[in-house]
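# Secondary and tertiary structure notes
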Amino acid sequence: MSIHLIILGPPGAGKGTQAKRLEEKYSLKQLSTGDMLRAEMAAGTETGNAIKALYDAGELAPDALMIKMISDRIDQDDCKNGFILDGFPRTVAQAVGLDEMLAHKKKDLDAVIKMDVDEAVLIERLKARIAESGENVRSDDTIEVFENRLNVYKEQTEPIIPHYQQKNMLVHVDGMGNIAEVSEEFDRILQKHQK
Ligand code: AMP
């Protein structure tokens, strides 16, 4: 079995939580571009330093950098059983770049799972995260930056939805429930795609 998935949805929808769960349950590899960039920043690499200001403002890192990062990562051995893209693609250019790279690598996408969550719920969840994490809060998890991340999502990421609708790949998941409820929906989808 080798499943290639995208999890799409607004910031704070729970993409990472679901991707981590699928990683364990189905032996897939979670590829979170946000985690990759946080690792680069923590290590103080050239890439990390170059994108820090964009990251802290809730803006997107350059498309070419992100496409290369994912392309290199997909080639690694731990993606052999399949992967879950979490936080990528985030722009139409990234979606097109992904199509081209997968065609080149002779790999297919199986499904794009879009998590639907109301904006008011996202803000409530953010407030809970800030209250829980105290000083460990992510530098882009302030109310102000989060609002910008939501706007960036609407302006730059939502336009990729028709791209996948046209390919008949889009599956919606109601992301408003608790983690267990949302997980059940994911399991139903994964079971359909198991080869
Ligand atoms: P995330 O952890 O997915 O919420 O991503 C956090 C931040 O990392 C985003 O607000 C962007 O600044 C940056 N980032 C993550 N993934 C991408 C991507 N695919 N394209 C551009 N920027 C990204």
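Heads up: these notes are all about the structure in this document. (Residues numbered from 1 in each chain as written. Predicted model: local features only at pLDDT ≥ 70, side-chain atom pairs only at ≥ 80, totals over all residues. Heavy atoms only, no water.)

## Topic: unusual backbone geometry
Cis geometry marks the peptide bond from Phe88 to Pro89; its omega dihedral reads -5°. Non-glycine residue Lys106 carries a positive phi angle of around 55°. Its identity is not glycine, yet Asn168 carries a phi of approximately 65°, on the positive side.

## What about the site of the ligand?
Taken together, 16 residues form the shell around the ligand, and within it Thr33, Arg38, Glu59, Gly87 and Gln94 come nearest. Ala61 is positioned such that a nitrogen or oxygen atom in its backbone is 3.0 Å from a nitrogen atom of the ligand. At 2.9 Å, a side-chain N or O of Gln94 approaches a nitrogen atom of the ligand. The protein chains hide 95% of the 480 Å² of surface that the ligand would expose on its own. The leading source of residues in the shell around the ligand is helix α2 (residues 33-43), at four residues. Among the residues making up the shell around the ligand, the classes are represented as six nonpolar, four polar and six charged. (Near = heavy atom within 4 Å. Polar contact = N/O pair within 3.5 Å; in protein donor to acceptor, adjacent residues only side chain to side chain. Areas by Shrake-Rupley, 256 points an atom, 1.4 Å probe, with all protein chains shown as cover. Helix = DSSP H or I, 4+ residues; strand = E, 2+ residues; numbered from the N terminus. Nonpolar A, V, L, I, M, F, W, Y, C, P; charged D, E, K, R; others polar.)

## Notes on the nonpolar core
Grouped together as the largest cluster of nonpolar side chains are 30 residues, with contacts concentrated most on Leu31, Ile70, Leu85, Leu98, Leu109, Val112 and Tyr164. Those elements that place two or more of their residues in this core are β1 (3-8), α2, α3 (46-57), α4 (63-74), β3 (82-86), α5 (92-105) and α8 (161-166). If you tally residues by element for this core, the top one is α4, at five residues. With residues near it in sequence (within four places) discarded, Leu98 still touches Ile6, Leu85, Phe88, Pro89, Leu109 and Tyr164. Counting 23 residues, the second largest nonpolar core, distinct from the first, contains Ile7, Ala13, Tyr26 and Val173. (Core = buried A, V, L, I, M, F, W, Y, C linked by side-chain atoms within 4.5 Å. Buried < 20%, exposed > 50% of the residue type's maximum accessible area, 1.4 Å probe, protein only. Contact = heavy atoms within 4.5 Å.)

## Describing the environment of Asn81
Turning to its location among the elements, Asn81 is positioned in the loop between α4 and β3. For the pair formed by Asn81 and Met115, sequence separation is 34 residues and the distance between their alpha carbons is 23 Å.

## Description of the packing of α2 against α3
Interaxial distance between α2 and α3 falls to 8 Å at its minimum, and their mutual angle equals 115°. For α2 against α3, the interelement crossing comes out left-handed. Facing Leu37, Arg38, Glu40 and Met41 of α2, the residues of α3 in contact are Thr47, Gly48, Ile51, Lys52 and Tyr55. Its residues placed into classes, the contact of α2 with α3 shows four nonpolar, two polar and three charged. (Axes fitted to C-alpha atoms, helices over the stretch in contact; angles between N-to-C directions. Left-handed = near helix turned anticlockwise from the far one by under 90°.)

## Topic: the packing of α2 against α4
Here α2 crosses α4 at 100°, and the two axes come no closer than 11 Å. One element, α2, and the other, α4, form an angle in the roughly perpendicular class. For the pair α2 and α4, the contacting residues are Thr33, Met36, Leu37 and Glu40 in the first and Met66, Met69, Ile70 and Arg73 in the second. Residues of the contact of α2 with α4, tallied by class, amount to five nonpolar, one polar and two charged. (Parallel < 35°, antiparallel > 145°, perpendicular 65-115°, else oblique.)

## A look at the environment of Ile123
Turning to its location among the elements, Ile123 is positioned in helix α6 (residues 119-133). Taking relative accessible area as the criterion, Ile123 reaches 17% and is therefore assigned buried. Note: C-alpha distance between Ile123 and Gly44 (79 residues apart in sequence) is 30 Å. Those residues within four positions of Ile123 in sequence are excluded, and the remaining contacts are Phe146, Glu147 and Leu150.

## Looking at the sheet that holds strand β2 (residues 29-32)
Read across the open sheet, the five strands follow the order β2-β3-β1-β4-β5; overall the sheet is parallel. Every interior strand has two partners, whereas the edge strands, β2 and β5 (170-174), have only one. Here the strands of the sheet are splayed against their neighbours by 25° on average, with no regard to which way each runs. Both β2 and β3 contribute to a ladder of four bridges, which runs parallel. The partner of Lys29 across the bridge, within β3, is Phe83. Contacting β2 and β3, α4 runs over the sheet at an angle of about 165° to β2. (Pairing = 2+ DSSP bridges.)

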